Amino acid sequence: MTESPLLHAADLHVTFSGRRGSGSARAVDGVNLTLGKGEIVALVGESGCGKTTLARALLGLEKPTAGHVTFDGAPLTYDTRSLKTYRNRVQLVLQDPRGSLNPRHTVYEAVAEGLRVHRYAGDERAKVAEALSRAGLRPPERFFQRYPHELSGGQRQRVVIAGALVLDPELIVADEPVASLDASVRGEILALLLSLRRDLGLSALVVTHDLGLAWNIADRVAVMYLGRVVETGTVEEVLTHPRHPYTQALLSVLPEASGEPVVLTGEPPDPTRIPGGCRFHARCQVLASGAAERAGVAGSCRTEDLPVLSAERTTQAACHWARAATTAP
Amino acid sequence: MTTAPLLDIKDLNVTYGTGAAAVRGVDLTLAAGQKLGIAGESGCGKSTLALALLRLLPAGAKLSGEILLDGEDVLTMKWGRLRAVRWAGASIVFQGAMHSLNAVRRIGDQIAEPMLIHRTAPPSGVRKKVAVLLEHVGLPASRADSYPHELSGGQRQRVMIAMALACDPKLIVADEPTTALDVMIQAQILRLIEQLVAEQNVGLIMISHDLAVLADTCDRLAVMYAGRVVEQGPAAQVYESALHPYAKALSAAFPRIGDPASRHAPRGLAGDPPDPSDLPPGCTFHPRCPVALDRCAVEDQALRGEEERRAACVHV
Amino acid sequence: MTTTDTPTTDTPAKTTSPKSTRALARDRRRQSVARFWRQYRTHRAGLFGLASLALFVLLALLAPLLVGADVQSVTKAPGRPLEAPGGEFPLGTDKYGRTMLGLLIWGARFSLTVGFLAAALSVAIGTLIGITAGHYKGWYATVIMRVTDWFLVMPTLVLAIALASVLSRSIWTIILAIGVTTWPTTARLVRAQTLAVESRPYIERAKALGGGHTHIMTRHVLPNVMPLVLAQTTLVISSAVLTEATLAFLGLGDPTVTSWGGLLQDARDAGATTKWWYVVPPGIAIALVALSFTLCGRAVESVLNPRLGVSR
């Protein structure tokens, strides 16, 4: 995968102007991200870290305040016509399959919607049937006239995926695709995403708070905290040898994790008030335990902001302490 | 254990007015200070079971069997006694703290409400008790004057737990207490629940579809499928070496990070849970079972094995 | 518990020709109509309203056969003025000697026409404004909702009177006057519903599919506000019938046609308000039609939106 990337975000910022009284929220505060053809990348973080806003910006649903998105070598422009063409090639799958289907539309209408929006000239019926069976709903005809409320949660999510597949996209952006599904169905939907990559060469960006999901299907992972990617790299490296204290903490609280869990106190902080220095320093267990002091970086943790991680595929962590540890012999 | 268990469910059956057999012959026991996890997917009857414990089921639901709470049968209890048992004897923490709190009342008043109803604290002492409860669940006492929308999801769930603790119940039922919460907040809430159970010697029933979370928190696990317990035993054993194929599938659904077997290989279970008003014959799991035999289609399986560790499968 | 009705009724599609899809869709529609009717039937008041409406509509449609247009003619009046009810004239006669029963039946045509058309106009304006105001946020919505508020606080009747007296007197004037003054309530309701629908994830999905404004408004928002609009329509008809009667009573109606409000005005002009048969029947007719539409509207509303908890 050394050819030009399919999707590339360069120094992306999305700022929401605040309501009266509160300052503006820097939901995405400088992100570089790249996604190759046929690659599955997981974007991991807690709610409020800006991962959903980043996904929306990559889809062109949110206009970035700075930086730009490049798709297949061409920068994304925000006029209606080119956005429509873009959306023929990039599709969205949302978290709640119950909410992302219009209760008054049948399965057929829900899947055919994309074709109708883009005025597909061929055999609509055949296309819908093909998309449904690709998404694992077979025989497709049996589902045509069903309404969403007559389907199980897993079936609904398959309909949503079929609705995305019907336009033969090159990239799927999935926002928590299994978070509202039962444990037994979860694996089925994830296996479906993997098989679509294998059979159709589909790339996917999966937004999630579930590290197990990343381990299950992703090639690379980017961990987000307060609008920035704080650690990125291959799934194996980041999830088995995390270098950023935040990633370490996230992994340590998983039920099956070995060792003492590092339960960070407090809520994820507010994007309207991003702290100075390293944005994680107020909750950082490494700083609190004095390990950063011993490494001689405690001062920079508190005062010195870290550079934005580059979009390169190497494993990187935005942490003074991790940097000190790697540069030291 | 020689003392009578805190909770003893014997052959509980619940059938809804629509004909759906939601719970079919469940036996469970729980001692004080013990934590029991009930796992299963939506529609397996786990939430119905929780509601049945306090007779909170909708009218038209038929119950049979016994639910002995401290030796008293909840199902035959008089209305007045039942009211006293709700909250004071056993209380439920529902999923979705967002909707279970009244949006237009201060949370302090909502926590105080059950205490005033059940007169477990004098009106003068209620404010103080609310402050103590809030600090217990890790919230500053000043939060009593806040409205639900001013709190984050994790904080609301803490308030729900404070409410459940208000009347010093002996049994707490937590229905999906951490679903929809982030991993870090989930870890905070689970620690809190564990700590409260240990401190106050209450019994805990935790309901979830996430076997890993249950195994981490609870002492014992019961896995439910189509209204029945299909496997039960010590939490670690059920999670790590499940006997029943359904329990195996649930435990494999959430991968262990670092385990090469689950890398790029998500595992699930094909098919959908059966419709409780139209259950398949024989073992209800056989249409989805990867190791089903011919006789599974006709032969129902009862729980068997030693007292502590039992499973309802032909392969046991 | 997500599935309420059993999926066992699902008939597997044996044939796979495109026609069968359409046939299946038709079946579905028929089924949902049948389901609607089954639930509607449980509302006794709604059934009463429907029956009485059917009677009025039937009378209005059959009026040319039953009484004929001649019933309005002053010159061919069959009786003496202000005859009390009796054998030949079951409801007496008016100030010209015309038969009251005949006039009442003939008047139903006008009152119902005005009611339906005015309500259609009002609801159409209200729906259009409500959906667009809910969909396009920003300055458009702000301006349009201020205008709506302005119309909402204006007394409808005063505005209608002003309009009716400025424009020439015809049935269209009345319809227009009622239509353009009663839409704000519908607009407010539809806008609120539109905002609720627009916050659903399927709207986000439609946008991500590349759907434009028109697509989202017509394919997603409109079907979801339709039940509300339907219920609102029946309620607006009832108030339109009342407003029409009021305008006619105040002498702002079309003098060339007979309407129930017009009959009341005639009675007042003739100083015949003591002659009960001149006043009571049109009054009852107006009240009955308005009531019937309201009852139907309430029943439709509660069937389509059971959470309202309207008593049966």
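Residues numbered from 1 in each chain as written. Chains lettered and ligands numbered in written order. Predicted model: local features only at pLDDT ≥ 70, side-chain atom pairs only at ≥ 80, totals over all residues.

**Student:** So what about the overall build of chain C? Which residues, and what values?
**Tutor:** Looking only at helices and strands, chain C features 10 helices and zero strands. Scanning chain C from its N terminus toward the C terminus, one meets helices and strands in the order α-α-α-α-α-α-α-α-α-α. Dimensions of chain C along its principal axes, counting C-alpha atoms only, are 75 × 50 × 35 Å. Counting all 312 residues of chain C, 40% fall into the buried class. A fraction of 70% describes how many contacts in chain C between residues 6 or more apart in sequence connect residues 24 or more apart. (Helix = DSSP H or I, 4+ residues; strand = E, 2+ residues; numbered from the N terminus. Buried ≥ 20, exposed ≤ 12 C-beta atoms within 10 Å, placed from the backbone. Contact = placed C-beta atoms within 7 Å.)

**Student:** I'd like a description of the overall build of chain B, backed by residues and values.
**Tutor:** Assigned secondary structure in chain B consists of 10 helices and 12 strands. At 20 Å, chain B has a C-alpha radius of gyration in line with the 20 Å of a compact globule built from 316 residues. Once the C-alpha set of chain B is aligned to its principal axes, its extents read approximately 65 × 50 × 40 Å. Taking all 316 residues of chain B together, 50% fall into the buried category. (Rg over C-alpha atoms; globule rule 2.2 N^0.38 Å.)

**Student:** Can you explain the confidence of the model for chain B? Please cite residues and give values.
**Tutor:** Atom-level detail of predicted coordinates should not be read off regions where pLDDT is low. In this model, chain B carries an average pLDDT of 86, and 97% of its residues clear a pLDDT of 70 or more. Across chain B, the secondary-structure element scoring lowest on mean pLDDT is helix α3 (residues 97–100) of chain B, at 64, and the one scoring highest is strand β9 (residues 220–225) of chain B, at 94. (pLDDT = per-residue confidence, 0-100.)

**Student:** Please give an account of the UniProt feature "transmembrane region" (unreviewed entry) in chain C that cites residues and values.
**Tutor:** Residue and element names in this part refer to chain C. According to UniProt, the positions carrying the feature "transmembrane region" (unreviewed entry) are residues 45–67, 110–131, 143–164, 170–190, 225–250 and 276–297. Regarding residues 143–164, the helix share stands at 91% and the strand share at 0%, and the terminal C-alpha atoms are separated by 27 Å. In residues 225–250, helix accounts for 96% and strand for 0%; the two terminal C-alpha atoms are 36 Å from one another. (UniProt positions renumbered as here; feature names shortened; annotations may be inferred.)

**Student:** Would you mind going over the sheet that holds strand β5 (residues 74–75) of chain A in detail, with residue names and values included?
**Tutor:** All names here are of chain A. Ordered by their spatial adjacency, four strands build an open sheet running β2-β1-β4-β5, and the pairing between neighbours is antiparallel. Of all strands in the sheet, those with a lone pairing partner are β2 (25–35) and β5, marking the two edges. Across two bridges, the pairing between strand β4 (residues 66–71) and β5 is antiparallel. Counterpart to F71 in the pairing with β5 is A74. Packed on one face of the sheet, helix α1 (residues 51–58) meets β1 (7–16), β2 and β4 and runs near 120° to β1. (Pairing = 2+ DSSP bridges. Axes fitted to C-alpha atoms, helices over the stretch in contact; angles between N-to-C directions.)

**Student:** So what about the sheet that holds strand β5 (residues 72–73) of chain B? Which residues, and what values?
**Tutor:** Residues and elements named next belong to chain B. Strand order across the open sheet formed by four strands is β2-β1-β4-β5, with antiparallel pairing between neighbours. Each edge of the sheet is formed by a strand with only one pairing partner; in this case those strands are β2 (21–30) and β5. As defined by bridge partners, strand β4 (residues 62–69) adjoins β5 across two bridges and the pair is classed as antiparallel. Looking at the pairing, L68 lines up with D73 of β5. Strands in contact with helix α1 (residues 46–53) are β1 (7–15), β2 and β4; relative to β2, the strand with the most contacts, it is inclined by about 65°.

**Student:** Describe the interface of chain A and chain B, naming the residues involved and giving the relevant values.
**Tutor:** Taken together, the contact between chain A and chain B spans 32 residues of the former and 34 residues of the latter. Split by residue class, the side of chain A that touches chain B holds 17 nonpolar, nine polar and six charged. (Nonpolar A, V, L, I, M, F, W, Y, C, P; charged D, E, K, R; others polar.)

**Student:** Describe the pairing of strand β8 (residues 203–208) of chain A, with residues and values.
**Tutor:** Residue and element names in this part refer to chain A. Most of β8 is tucked away: six of the six residues are buried. Relative to β8, strand β3 (residues 40–44) is paired through five bridges, and the arrangement is parallel. Bridge assignment links I40 to a residue of β8, and that residue is A204. With five bridges connecting them, strand β7 (residues 171–175) and β8 associate as parallel partners. Bridged to V173 within β8 is L205.

**Student:** Help me get a handle on the nonpolar core, residues and values and all.
**Tutor:** Residues L43, V111 and V206 of chain A together with V223 of chain B are the most contacted members of the largest nonpolar core, which totals 277 residues. With 17 residues, helix α8 (residues 213–249) of chain C is the single largest residue contributor to this core. When residues of this core are sorted by domain, at least three fall in each of domain 1 (7–223) and domain 2 (240–327) of chain A. Ignoring sequence-local partners within four residues, the contact set of V111 of chain A consists of V128, A131, L132, V159, A162, G163 and V166 of chain A. (Core = buried A, V, L, I, M, F, W, Y, C linked by C-beta atoms within 7 Å. Domains from an automatic or database assignment.)

**Student:** Report on the packing of helix α9 (residues 260–269) of chain C against helix α10 (residues 276–304) of chain C, specifying residues and quantitative values.
**Tutor:** Residues and elements named next belong to chain C. Where α9 contacts α10, the two axes come as close as 9 Å, and the packing angle between them is 155°. Taken together, the axis directions place α9 and α10 in an arrangement best described as roughly antiparallel. α10 is crossed by α9, and the crossing has left-handed handedness. Side by side, α9 and α10 meet where W260, L263, L264 and A267 of the first sit next to Y278, V279, P282, G283, A285 and I286 of the second. (Parallel < 35°, antiparallel > 145°, perpendicular 65-115°, else oblique. Left-handed = near helix turned anticlockwise from the far one by under 90°.)

**Student:** Mind laying out helix α3 (residues 107–117) of chain A, listing which residues take part and the relevant values?
**Tutor:** Most of α3 of chain A is tucked away, with nine of its 11 residues classed as buried. All of the buried residues in α3 of chain A are V107, Y108, A110, V111, A112, E113, G114, L115 and V117 of chain A. Buried residues in α3 of chain A make contact with α4 (124–134) and α5 (153–165) of chain A together with α7 (201–208) and α8 of chain C. Two residues or fewer after α3 of chain A comes R119 of chain A, characterised by a positive phi angle close to 45°.

**Student:** Describe helix α9 (residues 245–252) of chain A, with residues and values.
**Tutor:** Since there are 3.6 residues in each turn of an α-helix, residues three or four apart along the chain are aligned in direction. With six of its eight residues buried, α9 of chain A lies for the most part within the structure. Within α9 of chain A the residues assigned to the buried category are P245, Y246, T247, A249, L250 and L251 of chain A. Taken together, the buried residues of α9 of chain A touch α7 (211–217), β9 (220–225), β10 (228–234), α8 (235–240) and α10 (285–289) of chain A together with α7 (183–200) of chain B.

**Student:** A description of the environment of R220 of chain A should follow, citing residues and the corresponding values.
**Tutor:** Residues and elements named next belong to chain A. With respect to the element layout, R220 can be found in strand β9. Overall, R220 belongs to the buried group, with 23 C-beta atoms counted inside 10 Å. Through-space distance from the C-alpha of R220 to that of E109 is 35 Å; in sequence the pair is 111 residues apart. Among residues more than four places away in sequence, those in contact with R220 are E39, V41, T232, G233, T234, V235 and R313.

**Student:** Describe in detail the pairing of strand β8 (residues 203–208) of chain B, supporting the description with residues and values.
**Tutor:** Residues and elements named next belong to chain B. For β8, the tally of buried residues reaches six of six residues, placing the bulk of the element in the interior. Residue alternation in β8 divides its side chains into two sets, G203, I205 and I207 and L204, M206 and S208, and both sets are buried. Pairing geometry for strand β3 (residues 35–39) and β8, over five bridges, is parallel. By the bridge assignment, L36 is partnered in β8 with I205. Relative to β8, strand β7 (residues 171–175) is paired through five bridges, and the arrangement is parallel. Looking at β8, one finds that A174 is bridged to M206.

**Student:** Which residues make up the environment of I161 of chain A, and what values do they have?
**Tutor:** All names here are of chain A. Relative to the helices and strands, I161 is located in helix α5. Using a count of 27 C-beta atoms within 10 Å as the deciding quantity, one classes I161 as buried. Here the alpha-carbon distance between I161 and R134, two residues 27 residues apart in the chain, equals 9.2 Å. If sequence neighbours within four positions are ignored, I161 has contacts with V93, A135 and L192.

**Student:** Just give me the short version of the confidence of the model for chain C, but keep the residues and values in it.
**Tutor:** Residue and element names in this part refer to chain C. On average, residues of chain C score 83 in pLDDT, and 90% of them are at 70 or above. In the model, residues 1–17 has pLDDT below 50 throughout and makes 13 contacts with residues more than four positions away in sequence or in other chains. ipTM for the predicted complex: 0.83, alongside a pTM of 0.81.

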